[in-house]
Amino acid sequence: MRFNEKELVSLSRQPSEMAAELGMRGPKKGDVVKKRLVKLVVNFLFYFRTDEEEPIGALLLEQCRVEREDSQTFSIAFLDEAERKYLFECDSEEQCGEWVDSIIKASYEFMRKNLIFYRTEIHRLTGKDPLEQYGISDETRFQVSNGLQLMSRDTSSLQEEKGPQKIGPS
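Please read all numbers here as calculations on a predicted model, not as lab measurements.

Draft legend 1. Representation of the overall build of the protein chain in the model. For the protein chain, the helix and strand inventory stands at 3 helices and 8 strands. Counted from the first residue to the last, the protein chain has its helices and strands arranged as α-β-β-β-β-β-β-β-α-α-β. Among the 170 residues that make up the protein chain, the fraction classed as buried is 39%. Within the protein chain, contacts between residues separated by at least 24 positions form 49% of all contacts whose residues are at least 6 apart in sequence. A total accessible area of about 11,000 Å² is found for the protein chain, and carbon and sulfur atoms account for 48% of it.

Draft legend 2. The packing of aromatic side chains, seen in detail. Inspection of the entire model under this criterion finds 4 aromatic pairs. Where Phe-44 meets Phe-46, the ring centres are 5.7 Å apart and the plane angle is 20 degrees; that geometry is what we call stacked. Each member of the pair, Phe-44 together with Phe-46, is buried. Aromatic pair Phe-74 and Phe-88: ring centres 5.0 Å apart, planes at 15 degrees, arrangement stacked. Residue Phe-74 is located in strand β6 (residues 73-78), and its partner Phe-88 is located in strand β7 (residues 81-89); the two are separated by 14 residues in the primary sequence. For Phe-88, a relative accessible area of 0% gives the class buried.

Draft legend 3. Just the environment of Asp-80, in detail. Relative to the helices and strands, Asp-80 is located in the loop between β6 and β7. Sequence separation between Asp-80 and Cys-64 is 16 residues; the distance between their C-alpha atoms is 8.3 Å.

Draft legend 4. Layout of the state of the cysteines. The tally for this structure, following the rule as stated, stands at 0 disulfides. The cysteine Cys-96 is free of any disulfide, with Cys-90 supplying the nearest cysteine sulfur at 4.2 Å. Given the relative accessible area of 0%, Cys-96 is considered buried.

Draft legend 5. Just helix α2 (residues 93-106), in detail. Between its first and last C-alpha, α2 extends 20 Å over 14 residues, near the 20 Å set by a 1.5 Å rise per residue. When we look at burial in α2, the residues that qualify are Gln-95, Cys-96, Trp-99, Val-100, Ile-103, Ile-104 and Ala-106. Buried positions in α2, seen along its axis, are confined to an arc of 165 degrees and lie on one side of it. Turned more than 90 degrees away from the buried face of α2 sit Glu-93 and Glu-94, all of them exposed.

Draft legend 6. Broad picture of helix α3 (residues 108-126). Taking 1.5 Å as the rise per residue, α3 with 19 residues should run 27 Å; its terminal C-alpha atoms sit 26 Å apart, in good agreement. If you check which residues of α3 are buried, you get Glu-109, Phe-110, Arg-112, Lys-113, Asn-114, Ile-116, Arg-119 and Thr-120. Where α3 is buried, its residues meet α2. Among the residues trailing α3, Gly-127 stands out with phi positive, at a value near 80 degrees.

Draft legend 7. Summary view of the environment of Arg-119. Here Arg-119 lies in helix α3. By relative accessible area, Arg-119 is classed as buried at 12%. For the pair Arg-119 and Leu-131, spaced 12 residues apart in the sequence, the C-alpha separation amounts to 7.6 Å.

Cut-offs used in this document
Residue positions within a chain follow its written sequence, with the count starting from 1. Thresholds applied to this predicted model are a pLDDT of at least 70 for local features of residues and 80 or more for the giving and counting of side-chain atom pairs; totals over whole chains, interfaces and linings are not thresholded and use all residues. Side-chain metrics rest on all non-hydrogen atoms present in the structure, leaving aside hydrogens and water. Secondary structure is summarised from DSSP: a helix means a run of H or I of at least four residues, a strand means a run of E of at least two, and numbering begins at the N terminus for each. Relative accessibility decides the category of a residue: with a 1.4 Å probe and only protein chains considered, values under 20% of the type maximum give buried, values over 50% give exposed, and everything between is partly exposed. Note on contacts: a residue pair is in contact if any heavy atoms of the two residues lie within 4.5 Å. Note that accessible areas follow from Shrake-Rupley with a 1.4 Å probe, and for residues the cover is restricted to the protein chains shown. Any pair of Phe, Tyr and Trp rings, taking the six-membered ring for Trp, is counted once the centres come within 6.5 Å. Such a pair is stacked with planes under 30 degrees apart, edge-to-face with planes over 60 apart, and tilted for the rest. Defined by distance alone, a disulfide is two cysteine sulfur atoms within 2.5 Å. The span one expects for a helix is its residue count, reduced by one, times 1.5 Å. Throughout, the arc means that of the directions going from the helix axis to the C-beta atoms.

In structure tokens:
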């Protein structure tokens, strides 16, 4: 996917959902853990040298898997390159949990599943499609992929899971 560098820098300066100095190790074999300022803005995870204002990199948090490695460490791996992991070290178990939870909720796919779930619930309770008034109720992106009503298994990723946390298609 291509991005305009100026737009990404501008986005990195927007208010963040979370920001902290974390230990970060890149996906290359010889990479070592370095302190980085990490900022979550919408569905991008920007990382900066601690003494610089412009990001040195950004991860688009789509089609990726987030996993707790241990109590204070989590990783992000992308589904098309699962062997390449970015590792993040937090200061506490609580901070690690907050980062994992926020990153999972930042993905477009998570938000889409939430929209479909609540759309189905509102329709079940009221008999009306809440998207109809906006003229978007027939758009493919708001439909359940298999064409069936949402079942509880389709929304399992919306609830807190035990074990590996993931972002992306189920």
